[in-house]
Amino acid sequence: MSLQYLIEKGTEYAHKAVAADKKGDYETAIKYYKAAIDLFLKYLKLYPDSSMSEFYRGLIIKYKSRIKVLEKHIEKIGIGGDGNRSGAEDIEILTPNIRANRKTFKDIVDLEKVKRALKRAVIYPVKDPKLYPLGWPKGILLFGPPGCGKTLVAYALANEINATLINVSPATIMSKWLGEAEKNVAKVFRKAREIAGKGSPVIIFIDEVDGLLQEYGEEVGGEKRVRNQFLMEMDGLKEKENNKLLVFVVGTTNKPWKLDIGFIRRFEKRIYVPPPDKRVRKQLFKFYIEQLKEAYEIGEIDYGELAELTEGYSSADIYSIVKETQSNLAEEFLEKHNGEKIRPITTEDFIEVIKSRKPSIDKNLLQAYKVWEEKHGTY
Ligand SMILES: Nc1ncnc2c1ncn2[C@@H]1O[C@H](COP(=O)(O)OP(=O)(O)OP(=O)(O)O)[C@@H](O)[C@H]1O
C-alpha cells in the first residue's frame, strides 16, 4: 500500500467519523474512527520516520480516546447494534379509549387550587374556544415534591377533556435516541398538531421535564439542541396557524430550579402541587381506607391521629401505608383465621405500618419550592 493511499483513505475515514460523530450517529463514527486508526497505524509501521509520523500518532491517540467515550456512552444507554433509533416506539400515544388510567378530578383528594388553575388554563378553553379570542396557555408546568400527585393530575386532566395524551420520557429522548433526540422532539409536536388538527385536544405530557436539560455522557452535548428544538416547538404552538389548536404541553418537575429562564417562560402557567397538610392527610386516609370496606370491616378509626403521625409523608406514602396495612390484614386472614370472619380494622393497624416507614419529603426542599413559587408561580 502506498503512502499516499494510506494517508488519503485514512483521512477520508477520519472525516466520515467526525461527521457521523457530530450528527450523533455514534456507531458509524466508531466504525470510521477505527478504520482511520487502522490505516494510520499501517502508515506508521511502514514509514516510522516520516516527518508526519508524530502528527498521525497524535491523531490515533485522540481517536482512540474518542472511541472509548462513545463506546461507554452507547453501553450505558444500551442501544448498541440494532441501529434502530427511529424512536417511534418510545413515544406513547394514548387515546382516551385506550388509556388504562381513567381517573378524573373526582379521584384526586383536595389539590383544589391546582384543579381550579387547570380548569381556567385548559378545561374551559377546550369547552368553548370561542370565548378566548386572545388564545390560551399552551405550556403548563406542575412542580412540587415527589409523590404528591403531579402525574395523577396530568392524567386526570387528559381524561377531563378527553384528550389524546402523548407521553414523552426525557430520559428516553436524551439517552436512547442520542443524535436523533431533537428530531424526535419535532416529531412529537408534529404528531400532536396532526391529531389536534382533526379536532381532538392533545396533551404532550413530559414527566420530569428537567431531564431535557440534563447532560448525558461526556462531550455529547445533545441537550442544547434538544432544548432549542423544544423552545422552538413551544413557540410554534403560539404562531397564528397553530394558535387555535388544542395542543397543551404539560411538564412536571421535582427540581424547578434546574430550568433556565427561556424554558420557564414557555410554560405560561406554573402550578405548585404541594404535599398534603394535616387536613389533607386526614382526607387521604379516609379516601383510601374507605376503599378497604369492600373486603374488611372497619372499626373506629382515629383519622386525626393518623394525620398527626404522618407529617412529612407524601400522598404516595399514605397510599402505600394503607396498601401495606391491607397486605398485613390479608396475610393475617389467610394464615391465622383460616377463612373465618376477620376482626375489624383498627387505628393501630395503620400506626404499626407508619412506625416502620420514614417520611419521604425533605423539609428543606419545601422551603426551596416555596421560594421558587413566589418567584415564578403563575395561576
Ligand atoms: N391528591 C391525591 N389524591 C389521591 N391520591 C394521590 C394524590 N396525590 C398522590 N396520590 C397517590 O400517590 C401516587 C403517586 O402520585 P404521582 O405519581 O402523581 O406523584 P408525582 O408528584 O407525579 O411524583 P413523582 O414526582 O415522583 O413522579 C398516585 O398514583 C396516587 O396513588
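Residues numbered from 1 in each chain as written. Predicted model: local features only at pLDDT ≥ 70, side-chain atom pairs only at ≥ 80, totals over all residues. Heavy atoms only, no water.

Under an unreviewed UniProt entry, the name given to the protein chain is AAA ATPase central domain protein, and the source organism is Staphylothermus hellenicus.

Caption draft 1: Inspection of the overall build of the protein chain at higher detail. A count of helical and extended segments in the protein chain gives 14 helices and 6 strands. Just so you have it, the protein chain exposes about 19900 Å², and 52% of that area is on carbon and sulfur atoms. (Helix = DSSP H or I, 4+ residues; strand = E, 2+ residues; numbered from the N terminus. Areas by Shrake-Rupley, 256 points an atom, 1.4 Å probe, with all protein chains shown as cover.)

Caption draft 2: Local environment of the sheet that holds strand β1 (residues 92-94). The sheet built from 6 strands is open, its strands ordered β1-β3-β4-β5-β2-β6 with mixed pairing. The open sheet has two edge strands with one neighbour each: β1 and β6 (269-272). Each adjacent strand pair in this sheet contributes to an overall mean axis angle of 20°, direction not counted. Sheet topology places strand β4 (residues 202-206) next to strand β5 (residues 247-253); 5 bridges connect them, and they run parallel. The partner of isoleucine 206 across the bridge, within β5, is glycine 251. Those strands touched by helix α4 (residues 112-127) are β2 (139-143), β5 and β6, and its axis lies near 145° from that of β6. Its contacts with the sheet put helix α5 (residues 150-160) on β1, β2, β3 (164-168), β4 and β5, and the angle it makes with β4 is roughly 165°. (Pairing = 2+ DSSP bridges. Axes fitted to C-alpha atoms, helices over the stretch in contact; angles between N-to-C directions. Contact = heavy atoms within 4.5 Å.)

Caption draft 3: Structural detail: empty space enclosed by the protein. Evaluated as defined, the whole model comprises 2 cavities of 30 Å³ or more. Volume-wise, the second largest cavity comes out at about 30 Å³. Listed by contribution, the elements that provide at least two residues to the lining of the second largest cavity are α7 (181-197) and β4. Element by element, the count of residues in the lining of the second largest cavity is highest for α7, at 3 residues. Of the residues that constitute the lining of the second largest cavity, the class distribution is 8 nonpolar, no polar and no charged. (1 Å grid on protein atoms, 1.4 Å probe; cavity = no way out; pocket = protein on both sides within 12 Å on 5 of 7 lines; lining within 4 Å. Points joined across faces, edges and corners; volume = space filled by probe spheres on them. Nonpolar A, V, L, I, M, F, W, Y, C, P; charged D, E, K, R; others polar.)

Caption draft 4: Main features of the site of the ligand. Lining the immediate surroundings of the ligand are 18 residues, of which Gly147, Lys150, Thr151, Leu152 and Tyr288 lie closest. At a separation of 3.2 Å, an oxygen atom of the ligand approaches a polar backbone atom of glycine 149. Between an oxygen atom of the ligand and a side-chain N or O atom of lysine 150, the distance comes to 2.9 Å. In the complex, the protein chains occlude 81% of the 630 Å² of accessible area that the ligand would expose alone. (Near = heavy atom within 4 Å. Polar contact = N/O pair within 3.5 Å; in protein donor to acceptor, adjacent residues only side chain to side chain.)

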